[in-house]
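Structural characterization, general
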Amino acid sequence: MRHLVHMKLFLIQRIDGQLRYQLELVAKLLVKGGEQSMAPSILMILDKDYMAPWHLMKDCLWGATAFEKAVRKSFLDYMADDPAKNQLFMEAMVFNSQTWTSELITGCKDMFDGIRSVVDVGGGNGTTLRAIAQAFPHLKCTVYDLPHVIADSPNHPEVERIQGDMFKFIPSVDALLLKFVLHDWGDEECIKILKRCKEAVPQEGGKVIIVDTVLDSDSDVGPYSHLKLCSNLEMMLTFEGKERTEKEWKKHILDAGFDGCKIKCISASISNSNMLSMQVQEDEHQAAQAKIWEIVYGFSDTLVLRCAIQLGIADIIHKHGDPISLAELASRIPANCLNVDHLYRIMRYLVHMKLFSPRTIDGQLCYELEPAAKFLVKGSDQSMVPALLAISDVDFMAPWHHIKEGLGGECATTAFEKALGSSIWDYMAGNPAKNQLFNEAMACDSRLLTSALISGCKEMFDGIGSVVDVGGGTGTALRAIAQAFPHLKCTVYDLPHVIADSPNYPEVQRIEGDMFQSIPSADAILMKCILHDWDDQKCIKILKRCKEAVPQEGGEVIIVDIVLDLNSDSFYSHMRMCMDLDMMLNTGGKERTEEEWKKLIFDAGFAGYKIKCISAVQSLTWYFLAVGCVSKIS
């Protein structure tokens, strides 16, 4: 609930000493069964199988669709073979129809003037056409779709149902309706469908009505710009389809033999009332719906970023030195028969994310790095690549699909165990490749953190002769500390499989063991992002082991970890909230507020603590037996 409040979906109040929650306007769209409920679409989009193609985005640049590579069959065959998933999909399509059908009927009445019959091609379960039939009783209305869709659709008395294949035949009629059908297909298939449509309607007075997205030439225009670009990638990954600009739509319509087209907006931004109060209500609803869509497709940024790293786009542009053309970029990516249009659409999204900027040079579209993209260059001191690859790994993201399972009691397993069948520690021990990926990510975090730790906290190492880094991983951080403070005897202490895979640095001794059983004695104990992996009781046990390992006089226990500030609007506040859930899902741990840290420290037998701020994502916790310190992020 804390995270949902942070997302501004719920309001929080303290009444009679108890926390109470109430809906924000946006959350009303999540109420199941409501006329405006977005729940069916959200559940479909975030379904694990539907998300699977996003993890294979780079593979969509050649060969079969990412969906086929992820689930071993085409989307249409998958729907035909899995009734439960097909029902989930159809329920989502019903919602999508409901969101704009009334606008279609009230705002576009002229479309139905002079016609007596309409066929809804790919009309699904007939929800939209039934509403049209009720609004225009003179119309003969027919849904035309694939056999498995027609078989599962309800029998509305106002609507006839016919099964078939639109690529082979479309029933003759005065008007054809295609709602979000053409974006499922590539350009050639799109033109072929339009030609079939032209054959099915009268030469004089026949109509083909297309309801679909029109991409803005400027991808950052309007509240739905992000959604449109996400949908564009979704079509590419699932069907090899695409969302199109007005220029692209006009080209296809003319190529199919039509004389022209007329475009009319039927989005929620159009109000049918001249009353100011109605307009304000419509604007609020549109803004709320846009916020939900932005949240739902939040994963897209992560997985497009992963694709860019896998393709080495930042590396190629960095090495090139100057802005690089799309054609030159495509030639540098090692692949046979690379789909340049798909690469362009990925780059368009990356530009929208402000990682790359487009420039037109000598009539060619070129790209150059934005400042944020320097963190995507592999091998640089500031590279975040290892951490980003671990965070976006399909297995490491799997627990997020099991958040509700994390609500069990004290004896419940973690979401990680639900998703992957073992604890994260056993999983790492049994999967060397994933363990290496994880350790490289931890080393990346240590590199980004250690310089701030060394430069900002030199006094921590005054008067001590030895330090043990508990859970120190590959020893990256401790090696840097040893080089900065040559007088220190430095030891990494971690689990056997971690020590076995760690490099042998001459400055750092390595010892394997279990921190719950014992911790080697030293003047100071260092723990970087360790305690957030564990619940309160285990944290206290670890801290007591630390207390036993350092001298009673002058011993130090130094903790580098996050300190949550629930009222903070800092740049990192969202990340810290996400990490809190990440710990809950993967290890059963948590991020803590200062009050929570204070309680742990005192419960473990320490006399006090002191807080110091370092400029990094993590916060530094440093405390002694008598006086210690815990730092917050600024």
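Residues numbered from 1 in each chain as written. Predicted model: local features only at pLDDT ≥ 70, side-chain atom pairs only at ≥ 80, totals over all residues. Heavy atoms only, no water.

With that out of the way, let us pick up the sheet that holds strand 4 (residues 140-145). Taken together, five strands build an open sheet; the order of strands is 5-4-3-6-7 and the sheet is parallel. Across the chains shown, the open sheet's two edge strands, defined by having one partner strand only, are strand 5 (159-163) and strand 7 (207-211). Neighbouring strand axes in the sheet, compared pairwise and without regard to direction, differ in orientation by 20° on average. When strand 6 (residues 175-179) meets strand 7, the two strands line up parallel, connected through five bridges. (Pairing = 2+ DSSP bridges. Helix = DSSP H or I, 4+ residues; strand = E, 2+ residues; numbered from the N terminus. Axes fitted to C-alpha atoms, helices over the stretch in contact; angles between N-to-C directions.)

Summarizing the sequence annotation, UniProt attributes the feature "domain: O-methyltransferase dimerisation" (unreviewed entry) to residues 293-378 in the numbering used throughout. A distance of 32 Å separates the end C-alpha atoms of residues 293-378, which is 53% helix and 16% strand. (UniProt positions renumbered as here; feature names shortened; annotations may be inferred.)

Where nonpolar side chains cluster on the molecular surface, the patch consists of Met1, Ile12, Leu19 and Tyr21 and spans about 360 Å² of accessible area. Among the secondary structure elements, Ile12 is positioned in strand 1 (residues 10-15). Using a relative accessible area of 40% as the deciding quantity, one classes Ile12 as partly exposed. (Patch = residues over 30% accessible without salt bridge, like charges linked within 9 Å, V, L, I, M, F, W, Y side chains within 5 Å. Areas by Shrake-Rupley, 256 points an atom, 1.4 Å probe, with all protein chains shown as cover. Salt bridge = Lys/Arg side-chain N within 4 Å of Asp/Glu carboxyl O. Buried < 20%, exposed > 50% of the residue type's maximum accessible area, 1.4 Å probe, protein only.)

According to the domain assignment, the protein chain contains domain 1 (62-224 + 243-260) and domain 2 (406-624). Summarising the inter-unit geometry, the C-alpha centres of domain 1 and domain 2 are found 55 Å apart. (Domains from an automatic or database assignment.)

Attention now goes to unusual backbone geometry. If you check the backbone angles, Arg72 has positive phi at about 70° while not being a glycine. Tracing the backbone through its elements, the reader meets Arg72 in the loop between helix 4 (66-71) and helix 5 (75-81). At Cys529, a residue that is not glycine, the phi angle is positive and equals roughly 50°. As for its position among the elements, Cys529 is in the loop between strand 16 (524-528) and helix 24 (536-549).

Counting buried positions along helix 13 (residues 298-311) yields 10 of 14 residues, so the element is predominantly enclosed. Of all the residues in helix 13, the buried ones are Phe299, Ser300, Leu303, Val304, Leu305, Arg306, Cys307, Ala308, Ile309 and Leu311. The positive-phi residue at the C-terminal boundary of helix 13 is Gly312, with phi of around 70°.

So, on to the pattern of salt bridges. Applying the stated criterion across every chain, the model contains 29 salt bridges. Between Lys251 and Asp255 there is a salt bridge, with the nearest N and O atoms lying 2.8 Å from each other. Within this pair, Lys251 and its partner Asp255 are both found in helix 11 (residues 246-255), separated by four residues, close to a single helical turn. Overall, Asp255 belongs to the partly exposed group, its relative accessible area being 37%. Through salt bridges that share partners, Asp187, Lys242, Arg244, Glu248, Asp341 and Arg345 make up one connected network.

Let us look at the side chain of Thr414. Structurally, the position occupied by Thr414 is in the loop between helix 18 (394-397) and helix 19 (415-420). By relative accessible area, which is 14% here, Thr414 ends up buried. Among all residues touching Thr414, those that are not within four sequence positions of it are Leu585, Asn586, Thr587 and Gly588. (Contact = heavy atoms within 4.5 Å.)

Here the focus is the packing of aromatic side chains. For the structure on display, the rule yields 16 aromatic pairs. Each ring, one from Tyr50 and one from Phe75, has its centre 6.2 Å from the other, and the planes form 40°; the classification is tilted. Here Tyr50 is found in helix 3 (residues 48-51), whereas its partner Phe75 is found in helix 5, with 25 residues between them in sequence. Accessibility assignment for this pair places Tyr50 and Phe75 in one class, buried. (Phe/Tyr/Trp six-rings, centres within 6.5 Å; stacked < 30°, edge-to-face > 60°.)

As a further point, take the sheet that holds strand 12 (residues 364-369). Here three strands make up an open sheet; going across it, the order is 10-12-11 and the pairing antiparallel. Sheet topology places strand 10 (324-325) and strand 11 (356-361) at the edges, where each strand pairs with a single neighbour. Bridge count between strand 11 and strand 12: six bridges; the pairing is antiparallel. Across the sheet, the residue bridging to Phe356 is Leu369, located in strand 12.

The next point concerns the state of the cysteines. Within the structure shown, the criterion is met by zero disulfides. Here Cys197 stays unpaired: no disulfide links it, and the sulfur of Cys190, its closest cysteine neighbor, is 9.3 Å away. A residue is classified by how much of its surface remains accessible, and Cys197, at 0% relative accessible area, is buried. (Disulfide = S-S within 2.5 Å.)

Turning our eyes to something else, we now look at the environment of Ile424. Note on placement: Ile424 falls in helix 20 (residues 424-430). Sequence spacing of Ile424 and Phe396 is 28 residues, and the spatial spacing of their C-alpha atoms is 9.5 Å. In this structure Ile424 touches Phe416, Asn586 and Thr587, once residues within four positions along its chain are discounted.

On the surface, Glu68, Asp77, Glu188, Glu189 and Glu240 cluster together into a patch of negative charge. Along the chain, Asp77 turns up in helix 5. On the basis of relative accessible area, Asp77 is assigned to the partly exposed category, the value being 46%. (Lys, Arg positive; Asp, Glu negative; His and termini not counted. Charge placed at Lys NZ, Arg CZ, Asp CG, Glu CD.)

Let us now look at helix 6 (residues 83-107). At 3.6 residues per turn, the α-helix brings residues three or four places apart onto the same side. Compared with an ideal rise of 1.5 Å per residue, which puts 25 residues at 36 Å, helix 6 spans 35 Å between its outermost C-alpha atoms and is within 8% of the ideal. A bend of about 40° at Trp100 is the largest found in helix 6. (Expected span 1.5 Å × (residues − 1). Bend = angle between axes of the 7 residues up to and from the residue.)

Our focus in this paragraph is the pairing of strand 5. As defined by bridge partners, strand 4 adjoins strand 5 across five bridges and the pair is classed as parallel. From the neighbouring strand, Tyr144 faces strand 5, where its bridge partner is Ile162. Note that the unit made of strand 4, helix 8 (residues 147-152) and strand 5 has a crossover that is right-handed. (Right-handed = clockwise from strand over helix to strand, strands pointing away.)

Here we come to the environment of His3. Along the chain, His3 turns up in helix 1 (residues 2-6). Separated by 571 residues in the primary sequence, His3 and His574 have C-alpha atoms spaced 8.9 Å apart. Apart from the residues within four sequence positions on either side, His3 is in contact with His574, Met577, Cys578 and Leu581. A polar side-chain atom of His3 sits 3.5 Å from the main-chain carbonyl oxygen of Met577. (Polar contact = N/O pair within 3.5 Å; in protein donor to acceptor, adjacent residues only side chain to side chain.)

A separate point is the packing of helix 6 against helix 7 (residues 127-135). Helix 7 packs onto helix 6 with a crossing angle of 25° between their chain directions and a minimal axis gap of 9 Å. Relative to helix 7, helix 6 is oriented roughly parallel. Between helix 6 and helix 7 lies a crossing of right-handed hand. Side by side, helix 6 and helix 7 meet where Val94, Ser97, Gln98, Trp100, Thr101, Leu104 and Ile105 of the first sit next to Thr127, Thr128, Ala131, Ile132 and Ala135 of the second. Of the residues belonging to the contact of helix 6 with helix 7, the class tally is seven nonpolar, five polar and no charged. (Parallel < 35°, antiparallel > 145°, perpendicular 65-115°, else oblique. Left-handed = near helix turned anticlockwise from the far one by under 90°. Nonpolar A, V, L, I, M, F, W, Y, C, P; charged D, E, K, R; others polar.)

On any regular strand, side chains alternate: one points to one face of the sheet, the next to the other face. With respect to burial, strand 4 is a largely interior element, five of its six residues being buried. With five bridges connecting them, strand 3 (residues 117-121) and strand 4 associate as parallel partners. Bridge pairing in strand 4 places Val119 opposite Thr142. Handedness of the crossover is the feature at issue here: the chain leaves strand 3, passes through helix 7, returns alongside strand 4, and the resulting connection is right-handed.

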